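Fold and contact review
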Amino acid sequence: MDNNIEGEEVEFRKHAKYFIRFLHTLPGRLASHDSTRVTIAFFAVSGLDVLDSLHMLTDTFQQDICNWIYKLQVVPKPGERGYGGIQGSSTFDVIGTPDSCGLQLYRWGHLAITYTGIAVLVALGDDLSRLNRRAIIEGVAAVQREDGSFSATIEGSEQDMRFVYCAAAICAMLNDWGRVDRKKMADYILKSIRYDYGISQHYEMESHGGTTFCAIAALELSGQLHLLSADTRDKIIRWLVFRQQDGFQGRPNKPVDTCYSFWIAATLKILHAFELTSFQANRDYVLSTQDPTVGGFSKWPQAYTDPFHSYFGLCGLSFLNEPGLQEVMPSLNISMRAYRRLQELQRNWTLLEEGLAAGNGEVTVHIE
C-alpha cells in the first residue's frame, strides 16, 4: 500500500458545479437517458455528498428533488399484482392522458430506479416517511425469478446480477426482506462464479468487474458473505487485484476505466483486501481523466466527461482517503454520512414496530 500519495489536485468546486448543472438540465448528447433521470440525479446528488457540497443546493431545491422522486413512486391498488417501486420517468403520468390509451398498464417500479431514488432521498436527509415500504418490498419479491435472480421490472426486462444487487440494496436500506428468497439469491450468485473466479452477469457469461461487485455486495447486504469458502474468497480477491494496471480494468485484456476504481476497489474493500493494490497508480489514473476546466471525470483521458464516471471517480478517490472527500460505504454505494442517517431511520422503524406490537399508543422516535 502506498502511504504518501502525491500528484494532481482534485478540482473540488468545479466538480460540484458540474453535478449541479446535471440536476437542472441534461445536455443534448444525454437526451436518450431521460427515462433514467433518477439515476443521473443519484450520481449528481451523491457526487455532491461525497464532495461535502450539498450545501450548494438551496433547501428549496433539495426539497423539490425529494418531491419529484415521490411523484414517481408507484403503489399498486388492493388486489393488483406487485409492481410497487419508483419508476424512471414521468412519461406515464402525462396530465390529461385518457385511461383508454393504455399507458397505465406500463406504470411499474424499476429496481435500479427504486434503489437510486431511495439513495437520493437518504442523501438529502429525507425521513422516507412518504415511501410505501411494504409496496416496494412486495415489488422486489414480485420480480424475483425461479433461479433466484431478479429482473428490473415486472414485465419485459432482463434478469441478471445487476438487479440482484439492486434488490439486495433496496431490502437492506428498508431493513425488510419480505418474501424475497435470500437463499435462492445466494445460490444464483454462487453458480455465477466463473472458472477464473470473477463473477458473471448471468450463468455461463464472462467474468466482469461490475457484476463481481454486484454479487459480493449482495451477499454482504443479505448477511450471506460467509457462504464463500476461504479458498473461493482468496481466488476472487486474486482476480480482482489482477484487474489493476495503473487504474483498474473491468475484464482481462480490456483498457482501464475510471468507474472500475469504484467497482473493483469497493469489492476489495468489502473483502478487506484493498490494501493489496497500488494507491498511487490508481490515483494517478483517475486524475488523468479529470477535466480541470469545467469539472467532471471521463472513463479515459481526453474522453467526454459524464456524471456516471465523475461520481465513481470521486468514490475511487475517497477509498484512497483523498483529503476533503467524504467516506463512502462500499456495499450500498452511498456516503457513510448518509448510511449513518439511514441506520438511525431503521432504528426508529424498529422502535415504532416494537411499540405497536406491545400495544403502546405512544412511541417517540427522533432523527439526528
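Residues numbered from 1 in each chain as written. Predicted model: local features only at pLDDT ≥ 70, side-chain atom pairs only at ≥ 80, totals over all residues. Heavy atoms only, no water.

- Named according to an unreviewed UniProt entry, the chain is Geranylgeranyl transferase type-1 subunit beta originating from Anopheles arabiensis.
- The Sequence similarities (unreviewed entry) comment attached to the chain in UniProt states, word for word, "Belongs to the protein prenyltransferase subunit beta family."
- The UniProt entry for the chain carries this comment under Subunit (unreviewed entry): "Heterodimer of FNTA and PGGT1B. PGGT1B mediates interaction with substrate peptides." (UniProt positions renumbered as here; feature names shortened; annotations may be inferred.)

**Topic: the overall build of the chain**
- Counting its regular elements, the chain contains 13 helices and six strands.
- Taken against the 2.2 N^0.38 rule, which gives 21 Å for 368 residues, the C-alpha radius of gyration of the chain at 20 Å falls within 12% of a compact globule.
- Each principal axis of the C-alpha atoms in the chain carries an extent, and together these give about 55 × 45 × 45 Å.
- Of all 368 residues assigned to the chain, the portion counted as buried reaches 54%.
- In the chain, of all internal contacts separated by at least 6 residues, the share reaching a separation of at least 24 is 68%.
- Accessible surface, the chain as shown: approximately 16,800 Å² in total, 50% of it carbon and sulfur.
- One way to put it: in the chain the 34 positive side-chain charges average out to a point 3 Å from where the 43 negative ones average out. (Helix = DSSP H or I, 4+ residues; strand = E, 2+ residues; numbered from the N terminus. Rg over C-alpha atoms; globule rule 2.2 N^0.38 Å. Buried < 20%, exposed > 50% of the residue type's maximum accessible area, 1.4 Å probe, protein only. Contact = heavy atoms within 4.5 Å. Areas by Shrake-Rupley, 256 points an atom, 1.4 Å probe, with all protein chains shown as cover. Lys, Arg positive; Asp, Glu negative; His and termini not counted. Charge placed at Lys NZ, Arg CZ, Asp CG, Glu CD.)

**Points about the side chain of arginine 243**
- Note that arginine 243 resides in the loop between α9 (230–241) and α10 (260–270).
- Although buried, arginine 243 forms no salt bridge, and the nearest oppositely charged side chain, aspartate 196, lies 6.2 Å from it.
- Every residue in contact with arginine 243, bar those within four places of it in the chain, is listed here: Phe248, Gln249, Gly250, Arg251, Pro252 and Ile264. (Salt bridge = Lys/Arg side-chain N within 4 Å of Asp/Glu carboxyl O.)

**Some details on helix α13 (residues 336–357)**
- If you check α13, its first and last C-alpha atoms are 31 Å apart, about what 22 residues at 1.5 Å a residue would give, namely 32 Å.
- Considered for burial, the residues of α13 that qualify are Met336, Ala338, Leu342, Glu344, Leu345, Gln346, Asn348, Trp349 and Gly355.
- Contacts from the buried residues of α13 go to α2 (37–50), α4 (111–123), α5 (133–142), α6 (161–174), β5 (328–329) and β6 (334–335).
- Among the residues trailing α13, glycine 359 stands out with phi positive, at a value near 80 degrees. (Expected span 1.5 Å × (residues − 1).)

**What to know about the environment of arginine 29**
- Within the element layout of this structure, arginine 29 appears in the loop between α1 (12–24) and α2.
- Setting aside anything within four residues of it in sequence, one finds arginine 29 in contact with Tyr304 and Thr305.
- Separated by 2.9 Å, the side chain of arginine 29 and the backbone oxygen of threonine 305 make a polar contact. (Polar contact = N/O pair within 3.5 Å; in protein donor to acceptor, adjacent residues only side chain to side chain.)

**A closer look at the packing of helix α7 (residues 182–191) against helix α8 (residues 209–221)**
- Their axes nearest at 10 Å, the elements α7 and α8 cross at an angle of 150 degrees. On the basis of their axis angle, the class for α7 and α8 is roughly antiparallel. Handedness of the α7/α8 crossing: left-handed. In contact with Met185, Ala186 and Ile189 of α7, α8 contributes Ala215, Ala218 and Leu219.
- Here the residues of the contact of α7 with α8 sort into six nonpolar, no polar and no charged. (Axes fitted to C-alpha atoms, helices over the stretch in contact; angles between N-to-C directions. Parallel < 35°, antiparallel > 145°, perpendicular 65-115°, else oblique. Left-handed = near helix turned anticlockwise from the far one by under 90°. Nonpolar A, V, L, I, M, F, W, Y, C, P; charged D, E, K, R; others polar.)

**Describing the packing of aromatic side chains**
- Taken as a whole and assessed by the stated rule, the structure comprises 21 aromatic pairs.
- Both rings, one in phenylalanine 42 and one in phenylalanine 43, keep their centres 5.5 Å apart while their planes meet at 55 degrees; by these two values the pair is tilted. The residues phenylalanine 42 and phenylalanine 43 share a single accessibility class, namely buried.
- It is arginine 133 that lies over the ring of tryptophan 349; its NZ or CZ is 3.9 Å from the centre. (Phe/Tyr/Trp six-rings, centres within 6.5 Å; stacked < 30°, edge-to-face > 60°. Lys NZ or Arg CZ within 6 Å of the ring centre and 35° of its normal.)

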